[in-house]
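# Notes for the structure review
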Amino acid sequence: MTYPIDDIRADFPILSREVYGRPLVYLDNAATTQKPRAVVEAIAQEYYSVNANVHRGVHFLSQQTTTLHEEARERVRAFIGAQSVSEIVFTRGTTESLNLVATSFGETFLQEGDEVLLTVMEHHSDIVPWQLLRERKGIVIKVIPMNDAGVLDMEAYERLFTPRTRLVCVAHVSNVLGTVNPIARMAEVAHAHGAYLLADGAQSVPHFKVDVQALGCDFLTFSGHKIYGPTGIGVLYGREALLEQMQPYQGGGEMIARVTFEKTTYERLPYKFEAGTPDYVGSHALAAAIDYVEGIGMDRITAQERELTKYAMARMADIPGMQLYGTAPDKDAVVAFNVKDIHPLDLGTLLDRLGIAIRTGHHCAQPLMARCGVEGMARASFALYNTKEEIDTFVAGLERVVKMF
Ligand code: PMP
């Protein structure tokens, strides 16, 4: 069956707008994706006709929003193959999910001198929370290196383990290099050493089928806005046995069973980790986004995006002075690059005037920039609605800009 690209693009009204009088070519999808009508309508419909605070409300609307919110949780559970809805915690996004694990897992399971392994390609949101914990508890952070293609050094990884290693945190897909890291193998190694593994799925869950049980990870994080859902909602998957033991992250309504001034007991999972009014409209809209991608088919989306990535890399490689970062055999829909000694900010600004949106800078991965010996990079990243024609426009734009230098 051919990929229904015209129908898909028609689902995203923003894709037909112009910037500076030119058709928009949106290649900043790793930062955030555009939203299909189905998602925006889910939000509008809920506010127009259902809205009420969830949980414990006896009235009709409250029960209806509660049902939608809990159906969304089940939708997420099925999407990532978790065993139980108790393992699905709604958060504000990947960043909050990671901070939750650093705080709550850290509080419960980590002592001074315990070790956490991070990769050199982690996003700042999977570095800084661990550094904050290091300040509070004196944990030790160790870094898994990679080779020049952007592939993790698995031998070095195994050598980093000691009897004090408790947790490995790794981006499932690098938001800069596009490398797909071998989570299943890494989890096996971690478990063999008595450690746990957290996969940051911010850049994997939107692009290919992710099954937490097949991966064997203990935690998985992702953001709604990177998978065509709304901003402000995200997910933490955690193994029930771990979440059960972990301290709550924040205190407040929703997360308690009983409160007295002497002592408070906590709600059952996953509510123990969901203090305050949750984003019940966001959860419902995230479910609509999941329905949308599954309606197209994750395998078809992956095939389309991988094809585009290969095509873009091949065309870009022909540009004189082009330096591509991240050439791992297993690579997802991100291409980071520099050309000649043109500052990435200049590249991005000039392409913008041609209607082409890319991202430039350190991509919240300054340690990775240091590893690559640069201050910044330009990055094009693809989504299910991008086309070869857009890549051609982008490459033509690049050629035009490069000639100016
Ligand atoms: N991890 C990775 C790999 C990412 O790409 C991002 C977003 N750029 C994040 C974490 C943080 O996601 P958010 O800003 O949605 O919390």
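In case you missed it, the structure is sitting above this.
Residues numbered from 1 in each chain as written. Predicted model: local features only at pLDDT ≥ 70, side-chain atom pairs only at ≥ 80, totals over all residues. Heavy atoms only, no water.

As a further point, take the pattern of salt bridges. This structure, assessed with the given rule, holds 18 salt bridges. A salt bridge links R166 to D114, with the nearest nitrogen and oxygen atoms 3.3 Å apart. One end of the pair, R166, is in strand β7 (residues 165-171); the other, D114, is in the loop between α4 (94-109) and β5 (115-119), and 52 residues separate them in sequence. In this structure R166 comes out as partly exposed when scored by relative accessible area, which is 26%. A relative accessible area of 1% places D114 in the buried class. With a shortest N-O distance of 2.9 Å, R371 and D148 are connected by a salt bridge. Highlighted residues: R371 in helix α13 (residues 366-372) and D148 in the loop between β6 (140-144) and α6 (154-160), separated in sequence by 223 residues. (Salt bridge = Lys/Arg side-chain N within 4 Å of Asp/Glu carboxyl O. Helix = DSSP H or I, 4+ residues; strand = E, 2+ residues; numbered from the N terminus. Buried < 20%, exposed > 50% of the residue type's maximum accessible area, 1.4 Å probe, protein only.)

Attention now goes to the packing of aromatic side chains. Note on aromatic pairs: each is described by the distance of the centres and the angle between the planes. Evaluated as defined, the whole model comprises 10 aromatic pairs. Taken together, a centroid distance of 4.7 Å and an interplanar angle of 25° make the contact between F105 and F109 stacked. Pair noted here: F105 and F109 are both in helix α4, with a separation of 4 residues, about one helical turn. Residue F105 shares its accessibility class with F109, and that shared class is buried. Measuring from ring centre to ring centre gives 5.9 Å for F105 and Y196, while their planes differ by 90°; the resulting arrangement is edge-to-face. In this pair, F105 is assigned in helix α4 and Y196 in strand β8 (residues 196-200), connecting sequence segments 91 residues apart. Residue classification places F105 among the buried positions, given a relative accessible area of 1%. For Y196, a relative accessible area of 27% puts it in the partly exposed group. Connected via pairs of aromatic rings, a cluster forms that spans F12, Y228, Y292 and Y385. (Phe/Tyr/Trp six-rings, centres within 6.5 Å; stacked < 30°, edge-to-face > 60°.)

Attention now moves to the environment of R300. Along the chain, the position of R300 falls in helix α11 (residues 298-317). Placed 55 residues apart in sequence, R300 and G355 show a C-alpha to C-alpha distance of 28 Å. Setting aside anything within four residues of it in sequence, one finds R300 in contact with M1, T2, Y3 and P4. (Contact = heavy atoms within 4.5 Å.)

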